[in-house]
Amino acid sequence: MKRSILAILIISLVTAFGCDNLNGQNKTVAEKGRLSKPAAEWKKKLTANQYEIMVNRGTEPPFNNAYYNNHQKGVYVSAATGEVLFTSADKFDSGTGWPSFVKPADTGKIAIVHDSSFGMSRDEVVEKSTGLHLGHVFNDGPADRGGKRYCMNSGALIFIKK
């Protein structure tokens, strides 16, 4: 029984703080004025899930998203623009339940912005051309591959098999 409660507590903490923001307590990207288009235009282009993640800076559940366990070869493109953001060659199993990468395919396609939500100091990853939220980057990735963990939301990406 104690193990079950501990497991539920750990999953809850990882969900709340492991990769991305939950909704309600933070300003959206649109409210911060970082979007390349008005939120209403993105609402027309993106699915409801993509909009929630990319515009509202939402998160998806760990271990219950499209790409955390994807081991196929290919590229991950922005759900908003189709720009190649990450590759399968740079993907690794972080154990967090979200797709994780050691680096972006092209550092010029993303921007890192400070995120102080929930009283934490984190680095948010946004698509540079749009300002749309993708995930966060942490300094706990594989040391032999640069030490970074780009923890992304599957809902912000589309996988293209090669």
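A short tour of the structure in this document, coming up.

Cut-offs and rules
- Residue positions are given per chain, counted from 1 along the sequence in the order it is written.
- Residues qualify for local features only when their pLDDT is at least 70, as the model is predicted, and side-chain atom pairs are given and counted only at 80 or more; totals for whole chains, interfaces and linings, by contrast, use all residues.
- Heavy atoms from the whole structure form the basis of all side-chain values; hydrogens and water molecules are not counted.
- Salt bridges, as used here, are contacts in which a Lys or Arg side-chain nitrogen is within 4 Å of a carboxyl oxygen on Asp or Glu.
- Starting at the N terminus, helices and strands are each numbered in turn, a helix being any DSSP run of H or I of at least four residues and a strand any DSSP run of E of at least two.
- Relative accessibility thresholds used throughout: buried, under 20% of the residue-type maximum; exposed, over 50%; partly exposed, between the two (1.4 Å probe, protein chains only).
- Stacked, tilted and edge-to-face are the three classes applied to pairs of Phe, Tyr and Trp rings, where Trp contributes its six-membered ring and a pair requires centres within 6.5 Å; stacked means planes under 30 degrees apart, edge-to-face means over 60, and tilted covers the rest.
- When the NZ atom of lysine or the CZ atom of arginine is within 6 Å of a ring's centre and also within 35 degrees of its normal, the charge is said to sit over that ring.

The subject of this paragraph is the pattern of salt bridges. Across all of its chains, the model carries 5 salt bridges by this definition. Residues R57 and D115 are paired through a salt bridge, measuring 3.2 Å at the closest nitrogen-oxygen approach. Taken together, the positions of R57 in the loop between helix 3 (48-54) and strand 1 (74-78) and D115 in strand 5 (residues 110-115) put the pair 58 residues apart, joining distant regions of the chain. We note that R57, like D115, is buried. The salt bridge partner of D140 is R149, with a shortest N-O separation of 2.7 Å. A single salt-bridge network, built from bridges that share partners, covers R57, D115, R122 and E124.

Taken as a whole and assessed by the stated rule, the structure comprises 7 aromatic pairs. Where F63 meets Y68, the ring centres are 5.5 Å apart and the plane angle is 85°; that geometry is what we call edge-to-face. Judged by relative accessible area, which is 46%, F63 ranks as partly exposed. Note on F86 and Y150: the rings are 6.0 Å apart at their centroids and 55° apart in plane angle, and the pair reads as tilted. Here F86, found in strand 2 (residues 84-87), pairs with Y150, found in strand 8 (residues 149-152); they are 64 residues apart in sequence, far enough to count as distant. A relative accessible area of 10% places Y150 in the buried class. Across the ring face of W42, the terminal group of K37 is positioned such that the distance to the ring centre comes to 4.7 Å. One Lys or Arg, K43, reaches over the ring of Y51 and ends 5.0 Å from the middle of that ring.

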